[in-house]
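Observations on chain architecture
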Amino acid sequence: MIDQTKVRVLLLESIHPDAVSRLEANGFEVESVRNALDEAELIERIDGVHLLGIRSKTRVTAKVLEAANSLVAIGAFCIGTDQIDLPAASRAGIAVFNAPFSNTRSVVELALAEIIALTRRLTEKNSGMHAGVWDKAADGSHEIRGRRIGIVGYGNIGTQLSVLAESVGMQVSFYDTADKLALGNARRCGSLDELLESSDIITLHVDGRPGNAGFFGAEQFARMTKGAIFLNLSRGIVVDHVALREALASGHLSGAAVDVFPKEPKGRGDEFVSELRELPNVILTPHIGGSTEEAQSDIGNFVATKLASFVQEGNTTLSVNLPSVALPLQEGMSRIGHVHVNTPGVLAQVNSILADHKVNVEGQLLTTRGEYGYLVTDISGGYTDEVLEQLRAMDQTVRLRVLA
């Protein structure tokens, strides 16, 4: 059992103070670090840590998880979880939580702002004005009304962008490998090529899974319509930036906005290196799609609440890797959480052990997800260490936690 007054939390990458306050309100000991940590640094710091909070730059590898002798849960204070070795976390019975909705609006608003800025050539006009040049002309400047936006990836962000873009008069097309329902008047394209060849603006909203690395390169840029605009606010690894620069320099693309990069500085103030620097028709932002005070506060509260609930109640609702279980905690009950390999007969075996020791079950909930199952059992009265030893000794047991 984790002593609730001695839960150690390590938060990296300047996670919002609301998360710190929320976790400290539960009596947890919180250490907050400004920058990301590399694998070696994280391995050095992870000893004795029960809860780890990261954003997108810190990679939680199998080696890190192997060194994490006390870790029970990881909070990704962002949307993506591809920076975490999820199979390794599941094998260790470590729950992973993220914030799939909290910063959606912030990303969508940035995308719309950049589309308008590029379509109206605001970046070039602004640079000219700062240089003392009064270039009052309509050449190359357009309204976004009536232009077609092509959305690659129709998830939480893609769908909300679809709705807002349509509301300001844009035509919407989208492409997704999964079967997604079109919202409003959006048109689903049967292939990526169809989307690229028919859109004035292409915006990427895909995840960073290894299979997506480098999927958008010279061939895809060549298929885009001449004078089109390109945006990437998803993951840096999905785009070939050399090919993007060539498409911009040749005039094939009229502009681009990029918020994510294959290699990003570890901390604020570090030097940023990119092939896209100094291009006048490119908006470069330092991975701030979800970086609004509103979004970061919401994310901080949301993920911190999930972590606290898992520690205190074993609640795995919205966990990205473990089965979802939420059983109301009854006063005066003891609770055991059992992560196990999903094989037939686990519930019967657990209950047989409890019955043999005359342990009375007051509440119980089992859910499975793929190769793993998660069983929460509330019991009344006492139990011996032998009960826990026998449960841990089961062939299927991945992790056993006593919660109350």
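Our subject is the structure listed above.
Residues numbered from 1 in each chain as written. Predicted model: local features only at pLDDT ≥ 70, side-chain atom pairs only at ≥ 80, totals over all residues. Heavy atoms only, no water.

Thoughts on helix 11 (residues 293-313)
Relative to the 30 Å expected for 21 residues at 1.5 Å per residue, helix 11 spans 29 Å between its end C-alpha atoms, a close match to the ideal helical length. Just past helix 11, the residue glycine 314 takes up positive phi, approximately 75°. (Helix = DSSP H or I, 4+ residues; strand = E, 2+ residues; numbered from the N terminus. Expected span 1.5 Å × (residues − 1).)

What to know about the sheet that holds strand 11 (residues 253-258)
Either a parallel or an antiparallel arrangement is found when strands of a sheet pair, and the pairing is made through backbone hydrogen bonds. Spatially, the seven strands line up as an open sheet ordered 8-7-6-9-10-11-12, and their pairing is parallel. Each of the sheet's edge strands pairs with one partner strand only, and the pair in question is strand 8 (187-188) and strand 12 (282-284). Relative to strand 10 (residues 228-232), strand 9 (residues 201-204) runs parallel, the two sharing four bridges. Along strand 10, the bridge assignment pairs threonine 203 with leucine 231. The strands touched by helix 5 (residues 104-119) are strand 6 (148-152), strand 9, strand 10, strand 11 and strand 12; relative to strand 10, the strand with the most contacts, the crossing angle is about 150°. (Pairing = 2+ DSSP bridges. Contact = heavy atoms within 4.5 Å. Axes fitted to C-alpha atoms, helices over the stretch in contact; angles between N-to-C directions.)

With respect to the packing of aromatic side chains
This model, assessed by the stated rule, comprises seven aromatic pairs. With 3.7 Å between their ring centres and 10° between their planes, tyrosine 154 and phenylalanine 174 make a pair best called stacked. Of this pair, tyrosine 154 sits in the loop between strand 6 and helix 7 (156-167) while phenylalanine 174 sits in strand 7 (residues 171-175), placing them 20 residues apart in sequence. Using a relative accessible area of 0% as the deciding quantity, one classes phenylalanine 174 as buried. Following the ring pairs from residue to residue traces out a cluster consisting of Phe215, Phe216, Phe221 and Phe230. We note arginine 401 situated over the ring of phenylalanine 310; from NZ or CZ to the ring centre the distance is 4.5 Å. (Phe/Tyr/Trp six-rings, centres within 6.5 Å; stacked < 30°, edge-to-face > 60°. Buried < 20%, exposed > 50% of the residue type's maximum accessible area, 1.4 Å probe, protein only. Lys NZ or Arg CZ within 6 Å of the ring centre and 35° of its normal.)

Some details on a nonpolar patch on the surface
On the surface, a cluster of nonpolar side chains totalling about 280 Å² of accessible area is made up of Val163, Leu181 and Leu183. With respect to the helices and strands, leucine 183 occurs in the loop between strand 7 and strand 8. (Patch = residues over 30% accessible without salt bridge, like charges linked within 9 Å, V, L, I, M, F, W, Y side chains within 5 Å. Areas by Shrake-Rupley, 256 points an atom, 1.4 Å probe, with all protein chains shown as cover. Salt bridge = Lys/Arg side-chain N within 4 Å of Asp/Glu carboxyl O.)

A look at the sheet that holds strand 5 (residues 95-97)
One open sheet holds the five strands; their spatial order is 2-1-3-4-5, and the pairing between them is parallel. Two strands lie at the open edges of the sheet, namely strand 2 (29-32) and strand 5, each paired on one side alone. For this sheet, the mean inter-axis angle between neighbouring strands, taken without regard to orientation, is 15°. As judged from the three bridges shared by strand 1 (residues 8-11) and strand 3 (residues 51-54), these two strands associate in the parallel manner. Bridging from a neighbouring strand, leucine 10 pairs with leucine 52 of strand 3. Most of the contacts of helix 1 (residues 17-24) go to strand 2, to which it runs at about 160°, and overall it touches strand 1 and strand 2. Across the face of the sheet, helix 11 comes into contact with strand 3, strand 4 (73-76) and strand 5 while running at roughly 170° to strand 4.

Structural notes on the environment of asparagine 360
Here asparagine 360 lies in strand 14 (residues 360-369). The residues touching asparagine 360, leaving out its near neighbours within four places in the chain, are Asp378, Ile379 and Ser380.

Examining the nonpolar core
Ranked by size, the top nonpolar core spans 29 residues in total, and within it Val9, Leu11, Phe28, Leu51, Ala73 and Phe77 carry the most contacts. Of all the secondary structure elements, the ones that give two or more residues to this core are strand 1, helix 1, strand 5, helix 11 and strand 15 (372-380). Looking at which element gives the most residues to this core, the answer is helix 11, with seven residues. (Core = buried A, V, L, I, M, F, W, Y, C linked by side-chain atoms within 4.5 Å.)

So, the side chain of arginine 55
Relative to the helices and strands, arginine 55 is located in the loop between strand 3 and helix 3 (62-67). Among buried charged residues, arginine 55 stands out as having no salt bridge; its nearest opposite-charge side chain is glutamate 13, 5.4 Å away. Apart from residues lying up to four places away in sequence, arginine 55 is in contact with Glu13, Ser14, Ile15, Phe77, Cys78, Gln83, Ser291 and Gln296. (Lys, Arg positive; Asp, Glu negative; His and termini not counted.)

Observations regarding the pairing of strand 1
Within a regular beta strand, the side chains point alternately toward one face of the sheet and then the other, so they alternate between its two faces. Pairing analysis gives four bridges linking strand 1 to strand 2, with the strands arranged parallel. Paired with leucine 10 across the bridge in strand 2 is glutamate 31. The parallel pair strand 1 and strand 2 is bridged by helix 1, and the resulting crossover is right-handed. (Right-handed = clockwise from strand over helix to strand, strands pointing away.)

Examining the pattern of salt bridges
Enumeration over the complete set of coordinates arrives at 12 salt bridges. Among the ionic pairs, aspartate 135 bridges to lysine 125, the shortest N-O distance being 3.3 Å. In this pair, aspartate 135 sits in the loop between helix 6 (122-130) and strand 6 while lysine 125 sits in helix 6, placing the two residues 10 residues apart along the sequence. Notably, a salt bridge pairs aspartate 207 with arginine 209, separated by 2.5 Å at the nearest N-O pair. Ionic contacts of the salt-bridge type, sharing partners, join the residues Asp193, Glu197 and Arg223 into one network.

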